[in-house]
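Chain residues, written in single-letter form:
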Protein chains: 2
Amino acid sequence: MTALPSWRESPARRAILDFVARVTTPGQPDFVDAADRIAVFDNDGTLWSEKPFYVQGLFGFDRVRALAADHPEWHETQPFRAVLENDMETLAAGGMEALATLIMASHAHITTDDFATIVMDWLRTARHPRFGQPFDRMIYQPMLELLRYLEAHGFRCHIVSGGGIEFIRTFSQATYGIPPEQVIGSSITTRYQLIDGRPALMREAELDFLNDNAGKPVGINRFLGRRPLAAFGNSDGDFEMLEWVTAGDGPRLGMLLHHTDAAREYAYDRESSVGRLARGLDEGPARGWTIIDMAKDWARVFPFD
Amino acid sequence: MTALPSWRESPARRAILDFVARVTTPGQPDFVDAADRIAVFDNDGTLWSEKPFYVQGLFGFDRVRALAADHPEWHETQPFRAVLENDMETLAAGGMEALATLIMASHAHITTDDFATIVMDWLRTARHPRFGQPFDRMIYQPMLELLRYLEAHGFRCHIVSGGGIEFIRTFSQATYGIPPEQVIGSSITTRYQLIDGRPALMREAELDFLNDNAGKPVGINRFLGRRPLAAFGNSDGDFEMLEWVTAGDGPRLGMLLHHTDAAREYAYDRESSVGRLARGLDEGPARGWTIIDMAKDWARVFPFD
């Protein structure tokens, strides 16, 4: 069986195979012990689709709609009103600040267990507006093959996302085969408390850590205490992660997925409000990073293709 | 070969063997998949000795002495002056606040790589004042056997310490066989930055997270996203960790090490400023937790005994 069957013969596929051979062939100068074979993957736009909008954002919008009956004031308050009126223009104009407000209101004041249940229920019923698929099927077949290929060569693969750690953990095992302890992400504060005498972890409306941009190397170091060998991303939010990983000694692999495929998925980069990729395209190649061209390099995009 | 050879036949040893048999015997009602077999261990006073004082505190004192030439003001400022004059009474009176001040001054303004080098150098030369041993040999042989016994039965063992995560990670693999990604601890803020064009993580003099008391369940949930099956501690700082772990469904194991052995190690509990254990002794047994009596239950304390 050929390795990485959904990857066309390309510089990207060749870069992966060469790198893995270099660090896993015993007796070779670049051989790396299995304990240090760590690969990190961004999630939105790298493992699954982030268009037309971040999946967790869509979850937050639906959650605001579900909670609106208890919050009559939201009909008069932005950015809630924009969600309830499906006013995407106002929402987009509100930027990350509006999104953060919605995330806090829709993700907090609830225990971690209840939050996980709500996310899993939502994932069972919500559908992608263009493809009509559950969001946890909007994942990239070539990246699934890459996860398994690296694992077969002794790597541990970690998700390192700007998205919420507890959101991703609800589906990472079933969707990607990545267990919850191998997910690193942004977080809101949780507080230990007794509810009717039983211990619970309550999610508070307070940002704990933003695992994006320069936060990604910080998050990886906090969770793993090691510098990974390989990093995969798709936006400028992954720039510092790739920079830190590929600055390590010995062979390192840094790859950025360029969304070039309007027909099978989406085409976007410099001007996109979601998953903006500009600096990575400009500086990546000179830094030795490989740009994956989705349209050219992937024979297949989604498992359902 | 007998399991846990340094544990005398005792209710504590029996509780461990019974628990492991229940959750690892296929076909039995309490069988637990290997992925969920997680055990958490406090470090200070549970895996290694914390008397006469926390090892990391002693490191901090030595580091203040080493840095004092660059800080003439410390000779006139508490708690630094107390360290430089070996005035343990003033230091003890300063409590946790004085210790925090010393930790910030002695652990920050340095990259994570440089910090690790300094800790490892210190561990090579520093000696325990009573036993004359390197501190990373002041570890409990019965607990080492317990770590290996649990691993042999499919458990992953994590350290969950109030001490500094980056301090413990410098020796956890060599000393306990626990890799850095299985260490959870307190942290100061680290910031990603370029130094002469090379990426580095700089340690800042700012508390990021205090992984003690109610912080322990929060820290475990953040790092693992699962509730462990078994928890081992020795002080009231471990109370909430044991409470949360043993409140889970199915069989759970909670154990507290009671330091009762002034001859071979130390005897302390309710009145100790280090590793105080009072509530755990009072409430633990009724909660089904097992108290390990060091003097009675352990045939051997240290590997060098």
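Residues numbered from 1 in each chain as written. Chains lettered and ligands numbered in written order. Predicted model: local features only at pLDDT ≥ 70, side-chain atom pairs only at ≥ 80, totals over all residues. Heavy atoms only, no water.

Enquirer: Could you give an account of the domain arrangement of chain A, with specific residues and numbers?
Expert: All names here are of chain A. Taken domain by domain, chain A consists of domain 1 (11–52 + 136–297) and domain 2 (55–125). Across the contact, 20 residues belong to domain 1 and 16 residues belong to domain 2. In total, domain 1 and domain 2 occlude about 1,500 Å² of area from one another, counting both sides; carbon and sulfur atoms represent 73% of this. Inspection of the region where domain 1 meets domain 2 yields zero salt bridges. Our enumeration of links across domain 1 and domain 2 arrives at five residue pairs in polar contact (both at pLDDT 80 or more). Sorting the residues of the side of domain 1 that touches domain 2 by element identifies strand E3 (156–164), helix H7 (165–169), strand E4 (183–195) and strand E5 (198–209) as the ones contributing at least two each. No other element matches E5, which puts eight residues into the side of domain 1 that touches domain 2. Of the residues in the side of domain 1 that touches domain 2, the class split is ten nonpolar, five polar and five charged. (Domains from an automatic or database assignment. Contact = heavy atoms within 4.5 Å. Buried area = accessible area lost by both parts, 1.4 Å probe. Salt bridge = Lys/Arg side-chain N within 4 Å of Asp/Glu carboxyl O. Polar contact = N/O pair within 3.5 Å; in protein donor to acceptor, adjacent residues only side chain to side chain. Helix = DSSP H or I, 4+ residues; strand = E, 2+ residues; numbered from the N terminus. Nonpolar A, V, L, I, M, F, W, Y, C, P; charged D, E, K, R; others polar.)

Enquirer: Could you give an account of the interface of chain B and chain A, naming the residues involved and the relevant values?
Expert: With 32 residues of chain B in contact, the opposing surface of chain A contributes 31 residues. Counting each side, the surface lost to burial between chain B and chain A is near 2,700 Å², with a carbon and sulfur contribution of 50%. If you sort the residues of chain B by the area they bury against chain A, Glu181, Tyr192 and Arg222 of chain B come out on top, with a joint share of 24%. At the boundary of chain B with chain A, the tally comes to six salt bridges. The partner of Glu181 of chain A in a salt bridge is Arg226 of chain B, and the shortest N-O contact between them spans 2.9 Å. Along the contact surface separating chain B from chain A lie 20 residue pairs in polar contact (both at pLDDT 80 or more). Secondary-structure elements contributing two or more residues to the side of chain B that touches chain A are helix H5 (112–125), helix H7 (165–169), strand E4 (183–195), strand E5 (198–209), helix H9 (215–224) and helix H10 (239–246) of chain B. Looking at the side of chain B that touches chain A, the element that brings in the most residues is H9 of chain B, giving six residues.

Enquirer: Let's hear about the relation of the copies chain B and chain A: which residues, and what values?
Expert: Two copies of one chain are present, and they are related through a rotation about an axis combined with an axial shift. The two copies are related by a screw motion: chain B maps onto chain A through a turn of 180° and a shift of 0.0 Å along the axis, at an RMSD of 0.0 Å. Look at the turn and shift together and you get a two-fold axis relating the two. Minimal C-alpha separation from the rotation axis in chain B is found for Phe223 of chain B, amounting to 3.3 Å. Same-surface contact between copies: 97% of interface residues of chain B are shared with the interface of chain A. (Least-squares fit on C-alpha atoms with pLDDT ≥ 70 in both.)

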